[in-house]
Amino acid sequence: MIKRLLPLLIGLSVCGAALAQNTPATAQSSGGTVTMHHTTTTVTTWSAQPPTGGTSEEAVKTSIANAGYKEVKGLKFKDGVWRSKARGGNKKWVELAVGPVNGKVYAADAPSKLNKDEISAKLVTAGYQNVKDVKFDDGLWAAEAKTAHGDDVDLLVDPDDGSVVAKSRD
C-alpha cells in the first residue's frame, strides 16, 4: 500500500508547491484589461474570541441541534473552535468541536475518513511546508507546519476533507 501511495504523495507535493505560489491581490493593467488575483481562506487564528464574521454562539447551538445532539452544555470558544458537550440520540454525552467559520460539528469519538499521511499531503497541497506532529485528537486532526512565508503555525484540520478549520501562529 505504501508503494502505491508514494507516487500520489509526491505528485500532491509537487502540485502543492506550484499552487502555493499565488500572486497577491493586485490589479495589473495591460491595454485597458484589468486582471484581479484573489486568494481567499476560511480559517481563523486562535484567540479567546471567535473570529469577526464567524459563526455566532446561537448559530453553533443550531448546528449542534441539526447534527442530532440535544442538551448542549459548557459551550465556549477555546483553542480556535467552539467546544461543548451534548447528549446524542443514544442519550450518551459526547464532546464536540464546531468550526468557527464553517459551523461544522466534529464529535470527539467519531473516526476520521482520512489517515495521517493523507492529512499531511492535503496540507502540503494547501501550501504548508515542514508538516509535522500530525495527530488525531478530539474529532480533529492537529498539526504543526510553516506557511509559504516561513511562519510557524498550529493547525486544526477537518477529518473528512483535510481542509484547515483553524490556525494559530506559533
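Rules of the game
- As a convention, each chain's residues are numbered from 1 in the sequence order in which they are written.
- Under the rules for a predicted model, residues below a pLDDT of 70 receive no local features and side-chain atom pairs below 80 are neither given nor counted, while totals for whole chains, interfaces and linings still include all residues.
- Just so you know, side-chain values use all the structure's heavy atoms and leave hydrogens and water out.
- When DSSP locates at least two bridges between a pair of strands, those strands are taken to pair.
- Put simply, DSSP H or I for four residues or longer makes a helix, DSSP E for two residues or longer makes a strand, and each gets a number counted from the N terminus.
- Contacts are residue-level and defined by heavy atoms, with any inter-residue pair within 4.5 Å sufficient.
- Convention adopted: a line fitted to C-alpha atoms gives each axis, helices being fitted over their contacting stretch, and angles between N-to-C directions are expressed from 0 to 180 degrees.

Chemist: Give me the pairing of strand β4 (residues 81-87): which residues, what numbers.
Modeler: Sheet analysis places strand β3 (residues 70-78) next to β4, joined by 5 bridges and oriented antiparallel. Of the residues in β4, the one forming a bridge with Lys-73 is Lys-85. If you look at the hairpin formed by β4 and strand β5 (residues 93-98), you'll find 5 residues sitting between the two strands, and Lys-91 has a positive phi there, around 70°.

Chemist: Help me get a handle on the environment of Ala-142, residues and values and all.
Modeler: Its location among the elements puts Ala-142 in strand β8 (residues 140-146). Sequence spacing of Ala-142 and Lys-132 is 10 residues, and the spatial spacing of their C-alpha atoms is 9.4 Å. Residues contacting Ala-142, with those up to four places away along its chain left out, are Asp-133, Val-134, Lys-135, Leu-155 and Leu-156.

Chemist: For the sheet that holds strand β7 (residues 129-137), give the residues involved together with the corresponding values.
Modeler: Read from one edge of the open sheet, 4 strands run β7-β8-β9-β10, paired in antiparallel fashion. Two strands lie at the open edges of the sheet, namely β7 and β10 (164-169), each paired on one side alone. For this sheet, the mean inter-axis angle between neighbouring strands, taken without regard to orientation, is 20°. Here strand β9 (residues 152-157) pairs with β10 via 5 bridges, running antiparallel. If you follow Asp-154 over to β10, its bridge partner there is Ser-168. Sheet contacts for helix α3 (residues 116-125): β7, β8, β9 and β10; angle to β7, the most-contacted strand, approximately 140°.

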